[in-house]
Amino acid sequence: IMSYIRFIDNTSDELKDMTLQQYVESPYVESNWLTHILTKEGDPKAALVEEDLRIAKEVLRRKYIVGLYEEMENSFELFKGFFGWESSETDIAIKQCSDKYINDSLKKTHAMYKRLESTFDIAQDSDIYQAIVDRNQFDLRLFWYAVDLHNAQYSLINNIQSTQ
């Protein structure tokens with residue numbers, strides 16, 4: 001949905017009236033964007049196979065500290081632990097910065113979701129929902145892997161900190 005909104009907001013006048021259904025069926029729709037970025041040097045037209053998903057997961061595991069929007073406070077704790085932000089002066093600055101970021105982000109996200117709710121009502125059993133899911137199978141699986149990876153990274157940092 002967000003790629004559709006970005007597309008409509010930034011496209012030519014003749015495409016601005018494209019419906020979500022038309023967008024999902026068009027060549028403009030994003031398909032497995034993150035998996036392509038991590039494995040195919042961002043080529044959105046390259047065909048993906050299971051090996052690409054395996055590589056994307058390995059890239060995430062080896063090279064990224066995963067933060068989740070839904071777990072923003074835990075994500076900041078994870079970053080703090082990973083990067084060693086420990087001094088009390090730094091703690092205060094990080095807390096102030098993260099609180100401001102979290103509050104600002106939540107306000108923006110709330111406004112965005114209100115816009116989405118008022119514009120789109122897509123049932124999970126609808127054709128359009130299924131079309132979006134079908135076009136993004138690798139990214140959906142990568143997302144759930146990233147959630148698990150975030151939880152594992154957060155647990156590891158907490159275990160390390162509790163033994164210090």
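So, how was this worked out
Residues numbered from 1 in each chain as written. Predicted model: local features only at pLDDT ≥ 70, side-chain atom pairs only at ≥ 80, totals over all residues. Heavy atoms only, no water. Phe/Tyr/Trp six-rings, centres within 6.5 Å; stacked < 30°, edge-to-face > 60°. Helix = DSSP H or I, 4+ residues; strand = E, 2+ residues; numbered from the N terminus. Buried < 20%, exposed > 50% of the residue type's maximum accessible area, 1.4 Å probe, protein only. pLDDT = per-residue confidence, 0-100. Salt bridge = Lys/Arg side-chain N within 4 Å of Asp/Glu carboxyl O.

## Topic: the packing of aromatic side chains
- Taken as a whole and judged by the stated rule, the model has six aromatic pairs.
- Residues Y4 and Y23 carry aromatic rings whose centres are separated by 5.4 Å and whose planes lie at 55° to one another, so their mutual orientation is tilted. Placement of the pair is Y4 in helix 1 (residues 2-10) and Y23 in helix 2 (residues 20-24), with a sequence separation of 19 residues.
- Classification of Y4 as buried rests on a relative accessible area of 10%.

## Points about the confidence of the model for the chain
- When pLDDT is averaged across the chain, the result is 85; 92% of the residues are at 70 or more.
- Across the chain, element-level confidence peaks in helix 4 (residues 50-63) with a mean pLDDT of 97 and bottoms out in helix 6 (residues 88-119) with 71.

## Comments concerning the pattern of salt bridges
- Within the structure shown, the criterion is met by six salt bridges.
- With a shortest N-O distance of 3.6 Å, R6 and E30 are connected by a salt bridge. Linking R6 in helix 1 with E30 in the loop between helix 2 and helix 3 (33-39), this pair joins segments that are 24 residues apart in sequence.
- With a relative accessible area of 43%, R6 lands in the partly exposed category.
- Judged by relative accessible area, E30 falls into the partly exposed class, the value being 31%.
- The salt bridge partner of R62 is E58, with a shortest N-O separation of 2.6 Å. Pair noted here: R62 and E58 are both in helix 4, with a separation of four residues, about one helical turn.

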